Amino acid sequence: MSARPRMDRRAFLGWMSSRGLALGFAGTALPTFLAACRDQPAVGGTAGATAPSATARATSTVEGTPIVGDVLDFSLGPGDWEGAFGSVTLRLHRALVDGGEAYFIRTDASDEDFARTEGHVFVPRLSGLAPAGRTGDAYLLDDGSTILSSHPGLDDYTPAWQLHRVRAGDVRLRSADDVRRAASRGEIAVERTGIVVNWPVVKWPGGELLVDPDLKEYLGGGQLIEPPDTAGMTVTFKLHECFPEARYIVCDTSMPPMAEGMHIAASPGLADAPSVGATGRVNVFMNGIPGTGPMGYQPSVFDAKAGEPSWSPYWDHFTYAWRDETSARVLRSQGEIEQARDGGELDEFPGTPDTGGQVFTVNCPVPVVAPNTFTG
């Protein structure tokens, strides 16, 4: 298990200090998660898939299946880049926010009928966010347009939206405040549906998710392979492997300093999602078997399979370290991780070792499922 060159802790702390982020929770450095990221060789292969909404480039016998209706194209393995990740192209959707324009992707929904009709993954666990007041508001107007109440860069942004259907007639609406004022005057009718969706915003007034210009590392300069195409209404993400049988994208995280270092959007509104049971759990390795995971070791392990009732795209981050790396092996399930932890083989860190026991949530939708190809 030879180590490949990577940014060491001293270099990382210098990087954080240069951005004013060196001190975080209880004076500790943020975060080991980023310090451990490194370039990795390609593992596994790409698959072709047949689906009405998607075509996939085939480079191996392993096949993937899109489970999000807005998937237009995907590859499980690298294209013409060095990094050991695939790609997925998703359809963009336009919204108005504070009078400007935002563009978002659609992946998950709490309502089974809506999910089936709209090509979303059905995620019952999202339903508790609405009654607890832990969503943004998405207004679906009768002319087919959408208005969002927030966007990245604002303190209340979350990718979780409660849907409202609006009968506006001839009333001109360009912001959530416009909707609320018009509703209070009786000029429009607004129906609160109770449906919660995961619609991450990828481009917004004054900003957008970043493109990685080098495409060598898991994080690199960002999670996009190409800029959002607002003419063609598409966006292409890096596509990462996770156990069990998931290929996921990384959109945003509830911890703003972590978001800056990861080059993704900050979603402070997700911070309370665990309190209403809306989150699952992701297990990330910081040593052991070198591989394609976020910290440069084996792929992460999720606590449920995408599409199961217990699954959520909102992942509470836990980090694990092998006490004796010579005994490290590939772990593929939550049960295997718990057994190794309880047996004294793994140290468990809520969040990362540098977050002082504070867990953060990462929004990682799974647009494609496929057999795992990583073997170590």
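Conventions used here
Residues numbered from 1 in each chain as written. Predicted model: local features only at pLDDT ≥ 70, side-chain atom pairs only at ≥ 80, totals over all residues. Heavy atoms only, no water. Phe/Tyr/Trp six-rings, centres within 6.5 Å; stacked < 30°, edge-to-face > 60°. Buried < 20%, exposed > 50% of the residue type's maximum accessible area, 1.4 Å probe, protein only. Helix = DSSP H or I, 4+ residues; strand = E, 2+ residues; numbered from the N terminus. Lys NZ or Arg CZ within 6 Å of the ring centre and 35° of its normal. Salt bridge = Lys/Arg side-chain N within 4 Å of Asp/Glu carboxyl O. Arc of directions from axis to C-beta. Contact = heavy atoms within 4.5 Å.

A.B. asks: Describe the packing of aromatic side chains, with residues and values.
C.D. replies: On inspection of all chains with the given rule, the structure shows 7 aromatic pairs. Between Trp81 and Phe85, the ring centres sit 6.2 Å apart and the planes meet at 20 degrees, which makes this aromatic pair stacked. On the accessibility criterion, Trp81 (13% relative accessible area) is buried. Pairing Phe104 with Trp199 gives two aromatic rings, centres 5.0 Å apart and planes at 15 degrees, and the pair type is stacked. Of this pair, Phe104 sits in strand β7 (residues 100-104) while Trp199 is found in the loop between β13 (189-198) and β14 (201-204), placing the two residues 95 residues apart along the sequence. Residues Phe104 and Trp199 agree in their burial class; the two are buried. Members of the aromatic cluster, connected to one another through ring pairs, are Tyr248, Phe302, Trp311 and Trp315. Over the face of the ring belonging to Phe318 we find Arg281, whose NZ or CZ atom lies 3.6 Å from the ring centre.

A.B. asks: So, the pattern of salt bridges: which residues are in play, and what are the values?
C.D. replies: Summed over the entire model, instances satisfying the criterion amount to 18 salt bridges. Linking Asp178 and Arg181 is a salt bridge whose minimum nitrogen-to-oxygen distance equals 2.9 Å. Of this pair, Asp178 and Arg181 both sit in helix α4 (residues 176-184), 3 residues apart, which is roughly one turn of that helix. Of the residues examined, Asp178 reaches a relative accessible area of 23% and is grouped as partly exposed. Glu187 is the partner of Arg185 in a salt bridge, and the nearest nitrogen-oxygen pair spans 3.1 Å. Among the residues examined, Arg185 registers a relative accessible area of 52% and is labelled exposed. The exposure class assigned to Glu187 is partly exposed, which follows from its relative accessible area of 40%. Through salt bridges with shared partners, one network takes in Asp70, Arg91, Arg106 and Glu118.

A.B. asks: So what's going on with α4? Residues and values would help.
C.D. replies: Residues of α4 that are buried: Ala176, Val179 and Ala182. The arc that holds every buried residue of α4, seen down its axis, measures 130 degrees, which confines them to one face. The inward-facing, buried residues of α4 abut β10 (136-141), β11 (146-148), β12 (160-167) and β13. Gly186 lies just past α4 and shows a positive phi near 80 degrees.

A.B. asks: Provide a residue-level description of unusual backbone geometry, including the pertinent values.
C.D. replies: For residues that are not glycine, phi is negative in most cases, and the peptide bond is trans in most cases. In the segment running from Phe243 into Pro244, the intervening peptide bond is cis, with an omega of -5 degrees. Relative to the assigned elements, Pro244 resides in the loop between β17 (234-242) and β18 (246-248). Of note in the backbone geometry, Met233 takes a positive phi value of approximately 60 degrees without being a glycine. With respect to the helices, strands and loops of the structure, Met233 is situated in the loop between β16 (224-229) and β17. The phi dihedral of His263 is positive, around 60 degrees, even though this residue is not glycine. Along the chain, His263 turns up in the loop between α5 (256-262) and β20 (265-266).

Geometric descriptors of this kind do not, in isolation, establish any biological role.
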